[in-house]
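Breakdown of the fold
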Amino acid sequence: MDKKISVKVCLGTTCFVMGSANLQELIDTVPAKYGDKVEVSGVPCLGLCSIDWEFSKAPYVKVDDEVIKEATVEKVLKAIDERLK
Amino acid sequence: MFIDIDCSQMKKYNQNAYGDYFVSKRYPDEARLVAVLSDGLGSGIKANILSCMTATMLLQFISNDQIPIRQAAEIVMNSLPVCKVRHISYSTFSAIDCDDDGNAKIVEEGNPEFVWLRDGEVLEPSYETIQSKTFKNRKMKVYKIKLRLGDRLIFCSDGVTQAGLGGGRLKLGLRRDGLIVLLKDKISENPEISSSELANYIVNQVRNIETDRRPKDDISACVLYFRKPREALIFTGPPYHQEKDKEYAQMFKNFEGKKAICGGTTANLISRELNVPIRMDTTISVGKLPAISYMDGVDLVTEGILTLTKTLEYLENGTLDIDNAAGKLVKFLLDSDCIQFMVGAKLNQAHYDPALPIEIEIRKNIIKKMAGILQDKYFKKVNVQYM
């Protein structure tokens, strides 16, 4: 696989209070598990909470183009695994 | 010119209240500043009440613009009672009324003479003496001076000039000459030193002179520094009308001075309109706040409401040295003199979802409170623009 998988954790206000603060461990666990195949970073805001149809499903994480609602470390790792299959 | 003003104080040893009182008020519309330092007779609560009354009344008189500083001071001088036990007046004071062009009127009654420093030299301005009509031994000095860029004025209570009195090294105390030596040394070492640093330095040095570092009197040092203003702009929240994003982003870009963005959506907006990428740290949170990010040409990029709420809390409590996004914003604000807020009025509905575990404040309210505290407690010039 050439292209890195990108994981973007939303650090906007809504996501942060809804739990993206707890995703800090991804920063350490992901490189440990997948090496340099996956890149994790925070982003100022994915702009998803303000869209009505996704209302109150924060925190959001984007794994490449896939949006993960109510993200947890497990959900994010699962999404990465699926992509690496 | 910007007038950087601050006062540092220390209580007399073993007292639980300050016997000196300092008040100041800025009038942004008139580019004017009024400040009063008063020293109450004795120490502790009694002195605190006396000095507080003198200082606040004098400030009220002057600032209402009803009475010029000279007459106001004269009224106070003539009416201050005399202590029955010690036969001296209940309090002494220094007051200054100055503007951004450097015009200053100063009155002193009983306090040590102020020090006027220009290019490392002390200037000795002429003054007029006004004798009290009611008390023989009471008189005040009235100065009218013109200040230049880089000038400093230092006011202090007699706790400074009489520090170390009767002790080993300085039999007559520090005196005004000793204070001038301290000031000149410090300023030559750090010519750009801020008023708050210089005031703190004076107070700490004076404390060191006192036997066992126990002040025998209340110590106050007030510094005014006339310098070029340090401008700062904070852009927070998206504009109410989206079609104006570009216009406001351009204003942000064209601003000369330090710049900060508070808000994830806001950062994306500026990044999009100005075509500047955002870079993130490899951390997600620091001290319960989202980590900061980076943009070329912007000095600080943080999350919005949570960081602003925390910043307001730090400013209110005087916690100024915290290593998180809010701590950085506090430093950003306090290192500036003129602070402009561009506040977007657009609300994010998601912030008011009752499912959120904490209550999220309304941006406008936080900024309003922050502007007030920056003005009143930290003596900044603040301008808020809603968009």
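Keep in mind the model is a prediction, meaning the values are calculated, not measured.

So, on to the overall build of chain A. Helix and strand content of chain A: three helices and four strands. Counting from the amino terminus, chain A carries its helices and strands in the arrangement β-α-α-β-β-β-α. Scaling as 2.2 N^0.38, a compact globule of 85 residues should have a C-alpha radius of gyration of about 12 Å, and chain A matches this with 12 Å. With the C-alpha coordinates aligned to their principal axes, the bounding extent of chain A is approximately 35 × 20 × 20 Å. Taking all 85 residues of chain A together, the buried fraction comes to 40%. At a minimum sequence separation of 6, the contacts of chain A that also span at least 24 residues come to 62%.

This part is about the confidence of the model for chain B. The predicted model of chain B has a mean per-residue pLDDT of 90, with 100% of residues at 70 or higher. Prediction confidence for the complex, expressed as pTM and ipTM, is 0.70 and 0.85 respectively.

Residues and elements named next belong to chain A. The peptide bond linking Ala 58 to Pro 59 adopts the cis configuration, its omega dihedral lying at 0°. Tracing the backbone shows Pro 59 in the loop between β2 (38-43) and β3 (61-63). We note that Asp 64 has phi near 50°; this positive angle belongs to a residue other than glycine. Tracing the chain through its elements places Asp 64 in the loop between β3 and β4 (66-68).

Our next topic: the interface of chain B and chain A. Chain B puts 27 residues into the contact, and the matching count from chain A is 24 residues. Counting only elements with at least two residues in the side of chain B that touches chain A, the list comes to α7 (264-274), β14 (278-280) and α8 (305-317) of chain B. Examining the composition of the side of chain B that touches chain A, we find that four residues originate from one element, α7 of chain B, more than from any other. Of the residues that constitute the side of chain B that touches chain A, the class distribution is 14 nonpolar, eleven polar and two charged.

This brings us to the pairing of strand β20 (residues 381-386) of chain B. Residue and element names in this part refer to chain B. Where strand β19 (residues 338-343) lies against β20, six bridges are found, and the strand directions are parallel. Note that in β20 the partner of Gln 340 across the bridge is Asn 383. A crossover connection joins β19 to the parallel β20 through helix α10 (residues 363-376); in handedness this β-α-β unit is right-handed.

Residues and elements named next belong to chain B. You can read the domains of chain B as domain 1 (2-227) and domain 2 (231-386). Relative placement of domain 1 and domain 2: their C-alpha centres are 37 Å apart. Listed per partner, the contact involves seven residues of domain 1 and five residues of domain 2. Secondary-structure elements contributing two or more residues to the side of domain 1 that touches domain 2 are β1 (2-10) and β2 (20-27).

Residue and element names in this part refer to chain B. If you trace the six strands from one edge of the open sheet to the other, you get β2-β3-β4-β5-β9-β8, paired in antiparallel fashion. A strand with exactly one partner marks an edge of an open sheet, and here the two such strands are β2 and β8 (128-131). This sheet shows a mean twist of 15° between the axes of neighbouring strands, independent of strand direction. Sheet analysis places strand β5 (residues 103-109) next to strand β9 (residues 139-146), joined by six bridges and oriented antiparallel. The residue bridging Glu 108 from the neighbouring strand is Lys 141, located in β9. Sheet contacts for helix α1 (residues 44-63): β2, β3 (32-40) and β4 (91-99); angle to β3, the most-contacted strand, approximately 155°.

About the cut-offs
Residues numbered from 1 in each chain as written. Chains lettered and ligands numbered in written order. Predicted model: local features only at pLDDT ≥ 70, side-chain atom pairs only at ≥ 80, totals over all residues. Helix = DSSP H or I, 4+ residues; strand = E, 2+ residues; numbered from the N terminus. Rg over C-alpha atoms; globule rule 2.2 N^0.38 Å. Buried ≥ 20, exposed ≤ 12 C-beta atoms within 10 Å, placed from the backbone. Contact = placed C-beta atoms within 7 Å. pLDDT = per-residue confidence, 0-100. Nonpolar A, V, L, I, M, F, W, Y, C, P; charged D, E, K, R; others polar. Pairing = 2+ DSSP bridges. Right-handed = clockwise from strand over helix to strand, strands pointing away. Domains from an automatic or database assignment. Axes fitted to C-alpha atoms, helices over the stretch in contact; angles between N-to-C directions.

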